[in-house]
Amino acid sequence: MRRPQLDIQLKTPEQIEKMRAAGLVVAEALRRMREAVAPGVSTADLDAIAEATIREAGAVPSFKGYHGFPASICSSVNEQIVHAIPSPKQVLAEGDLISIDCGAILDGWHGDAAITVGVGEVDPAQLRMAKVAEDAMWAGIAAAARGAANGRGRLTDISHAVEHAVRKAGRYGIVDGYGGHGIGTEMHQDPHVLNHGRPGKGPRLVAGMALAIEPMITMGSPRTTELADGWTVVTRDGSRAAHVEHTMALLPDGVWVLTAADGGRARLGDLVTSRQPSTSPTA
């Protein structure tokens, strides 16, 4: 079933259950990579952990081969914002900030999530930026849940909530042009979800929608440049960046954060669907 105009794929509760299984694979891969992040570890090492975790679960990396992308994760360090290619030459050092984006396909359904992690002792201001991005992501998810519940929610309510949370927290650049997306039987589907904008615009937020919400912010200018590899996006002014993401789905009785081990309950409380158990399953 698809909504007209933007071709938004609406999922049944049973299909969302399948997406949850894919989301838990992604959650476990990110958990293992988070634990592995340390000075001396290369981004290729992290990529190997992700691919092994995904394939052990009977899933397939979403990213590998996607439009020719050669790896299972995007590993963006410091001024790199998104889409950086893992490399044995990219060795993490004390004080680095790394954003790790990971996706998996299980039974034909996608999960997609990203985290930003400090390497060793990191400038507290940069860690705060990463927390601001994460808090803004959760604000966007909460706005989606409330909007679907009251029947008045529109897509840009998410964008506005993300922007409001970032602006309230300080002077950060919100990367323009990049953002979240619909997700399901393909990794990227309609609609595109910007991280800024006025509320009350776009398609209604309804049960069956599955979206990846992913703020990207910088310590400086929001302007970007794509490197010669055709993938890596960096800040034009060299400032450091953070990127976080969760896949979420709207059900008739609440939201389900499919790539969060606890389904989002710790951050969203009663906004979470009853399909998510009070005690999270082991990923």
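Structural data are supplied above this passage.
Since the model is a prediction, treat every value here as computed from it, not as a measurement.

Looking now at the pattern of salt bridges. Under the counting rule described, the total for this entry stands at 11 salt bridges. Where E51 meets K64, a salt bridge forms, and the shortest distance between an N and an O atom there is 2.9 Å. One end of the pair, E51, is in helix α2 (residues 43-56); the other, K64, is in the loop between β3 (60-61) and β4 (73-77), and 13 residues separate them in sequence. A salt bridge links D135 to R267; the nearest nitrogen and oxygen atoms lie 3.0 Å apart. On the criterion of sequence distance, the pair formed by D135 in helix α3 (residues 124-150) and R267 in helix α5 (residues 265-268) is long-range, its members being 132 residues apart. When its relative accessible area of 42% is taken as the criterion, R267 is described as partly exposed. One connected set of salt bridges, linked through shared partners, spans E28, R31, R32, E35 and E56.

Take the sheet that holds strand β5 (residues 80-82) next. A sheet is described by the order of its strands in space; here 3 strands give the open sequence β5-β14-β13, paired in antiparallel fashion. For this open sheet the edge positions go to β5 and β13 (224-226), each flanked by a neighbour on one side alone. When strand polarity is set aside, the average angle formed by the axes of neighbouring strands in this sheet is 40°. Of the strand pairs in this sheet, β5 and strand β14 (residues 233-235) are connected by 2 bridges, and their pairing is antiparallel.

What counts as what
Residues numbered from 1 in each chain as written. Predicted model: local features only at pLDDT ≥ 70, side-chain atom pairs only at ≥ 80, totals over all residues. Heavy atoms only, no water. Salt bridge = Lys/Arg side-chain N within 4 Å of Asp/Glu carboxyl O. Helix = DSSP H or I, 4+ residues; strand = E, 2+ residues; numbered from the N terminus. Buried < 20%, exposed > 50% of the residue type's maximum accessible area, 1.4 Å probe, protein only. Pairing = 2+ DSSP bridges. Axes fitted to C-alpha atoms, helices over the stretch in contact; angles between N-to-C directions.

That is the geometry; function is a separate question.
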